[in-house]
Structure formats: C-alpha cells, structure tokens
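Here is how the chains run, residue by residue.
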Amino acid sequence: MKRKFHFAADAALGKLARHLRAAGFDTRSAPQSAQSDFWQTLDPKRIILTRTTNLRRRFKDRHPVFIRENDPWRQFLQVMRELKIKADDLDPFSRCVVCNCRLRETDRQMVKGRVPDYVWQRHARFRTCDQCRRLYWAGSHPVRMEERMAAIFSTQPRKRNDECETT
Ligand SMILES: [Zn+2]
C-alpha cells in the first residue's frame, strides 16, 4: 500500500514542488509574498521543506526537511532519502504539476482538437486538471523525468506505450 506524504514547500523550492507533484505527492507551495498567512495556517500533517534557516528554526518541532542541494533533482532525491520514501509510495502523473490537483480521466472524444492530432491518434486515454484544464497523457511529461525517477529508484521506466494508470 502506498504511504501518503503531504508537503509544504517554501517559495524558493518551486521546481522541487513540481517534481514532487509529478511523482504524485500532494505538495503546496508557499507564495512569494511575505504577507501571506500560508505558514500560520498550515495543516499539521504537512511535512515542511525549506531552504531557509528561519523557517527551519520556526518549525523545529515539526522536523522540517532542510534542503541543502541546489539542483531540483538532487533536492527530490534528498527528500526521498531523508523520509525513506520508496518507489511503491510514488503515484506518478496522477496530479497536476502546476495546481497540485488530482487529475481526472477524461473522455478521449472531448480532447480532440485540444491536443496535436498525432498525440490524439497515438493515445487512448487522457487526464485533465479541473482547475487549470491542462491535459495530460502518457508521455506528456518529459521522458527524461520518468527515466530519472526510475534511475533514482532503480526501477524500470514504464514502456512508452504504457497508458496512464487509472487508480
Ligand atoms: Zn492544473
């Protein structure tokens, strides 16, 4: 069974947040604005990811993950290692990388004209984000992302003709 992880990433970790969402993890990003009450109202279940010593100190009791790496992929790897997240915990491409919303299966006919013809011809199933209306299909994320994720966990990348998972 997949273990659920919920994250809150500080504003400097936008790319890491996208990678985490691509891997299926619920990840909220702090807004740039210092006026925001994002941190005051944060759900206690969220694991804090931060690069700032300020936040690290402020949330000491919640054991934030202090991100030392600069490269977003290394940051991703650091999170996986420190929290002992395994390949089985991932649910790749189930979540919009921008909005963090879960994707919904969408009728292929409804997608026609909204994606390039060659994409529509080649793919049987599509998913959509209800918030931003972005469309996702197997292969809509950069191939490299899947390969790198597979390399991190030493698992085989999914076959290119593999469609999105349904659950
Ligand atoms: Zn979206």
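Residues numbered from 1 in each chain as written. Predicted model: local features only at pLDDT ≥ 70, side-chain atom pairs only at ≥ 80, totals over all residues. Heavy atoms only, no water.

In this section: the sheet that holds strand β2 (residues 26-29). Spatially, β2-β1-β3-β4 is the arrangement adopted by the four strands of the open sheet, whose pairing is parallel. Edge positions in the sheet fall to β2 and β4 (65-66), since each of these pairs with one other strand and no more. Where helix α1 (residues 14-22) meets the sheet, its contacts fall on β1 (6-9), β2 and β3 (47-50), and the angle it forms with β2 comes to roughly 160°. (Pairing = 2+ DSSP bridges. Helix = DSSP H or I, 4+ residues; strand = E, 2+ residues; numbered from the N terminus. Contact = heavy atoms within 4.5 Å. Axes fitted to C-alpha atoms, helices over the stretch in contact; angles between N-to-C directions.)

Protein coordination at the zinc ion comes from Cys 96 (SG), Cys 99 (SG), Cys 129 (SG) and Cys 132 (SG), with a distance range of 2.3 Å. In this structure, the zinc ion is coordinated by four donor atoms arranged in tetrahedral fashion, with angles at the metal of 103 to 114°. On the primary sequence, the residues serving as donors to the zinc ion are separated as C-x2-C-x29-C-x2-C. Taking the relative accessible area as the measure of exposure, Cys 99 reaches 22% and is therefore partly exposed. (Donors = N, O, S within 2.8 Å, 3.2 Å for Na, K, Ca; no water. Tetrahedral: all angles 85-135°; square planar, octahedral: opposite > 155°, others 65-115°. Buried < 20%, exposed > 50% of the residue type's maximum accessible area, 1.4 Å probe, protein only.)

The final tally for this structure, using the stated rule, is seven aromatic pairs. Between Phe 7 and Phe 25, the ring centres sit 5.8 Å apart and the planes meet at 85°, which makes this aromatic pair edge-to-face. One end of the pair, Phe 7, is in strand β1; the other, Phe 25, is in the loop between α1 and β2, with 18 residues separating them in the sequence. Comparing Phe 7 with Phe 25 shows no difference in burial state: the two are buried. When the ring of Trp 39 is compared with that of Phe 59, the centres are 5.8 Å apart and the planes differ by 45°; the resulting orientation is tilted. With Trp 39 in the loop between β2 and β3 and Phe 59 in the loop between α2 (53-58) and β4, the pair connects residues that are 20 residues apart, well separated along the chain. (Phe/Tyr/Trp six-rings, centres within 6.5 Å; stacked < 30°, edge-to-face > 60°.)

Within the span of α1, buried status applies to Leu 16, Ala 17, His 19, Leu 20, Arg 21 and Ala 22. Gly 24 sits one or two positions beyond α1 and adopts a positive phi of about 100°.

Further remarks concern the pairing of β2. For β1 and β2, the ladder comprises four bridges, and the chain directions are parallel. Residue pairing for β2: Ala 9 is matched across the bridge by Ser 29. Chirality of the crossover, the property in question, places the unit of β1, α1 and β2 among those that are right-handed. (Right-handed = clockwise from strand over helix to strand, strands pointing away.)

Nothing here speaks to function; it is geometry throughout.
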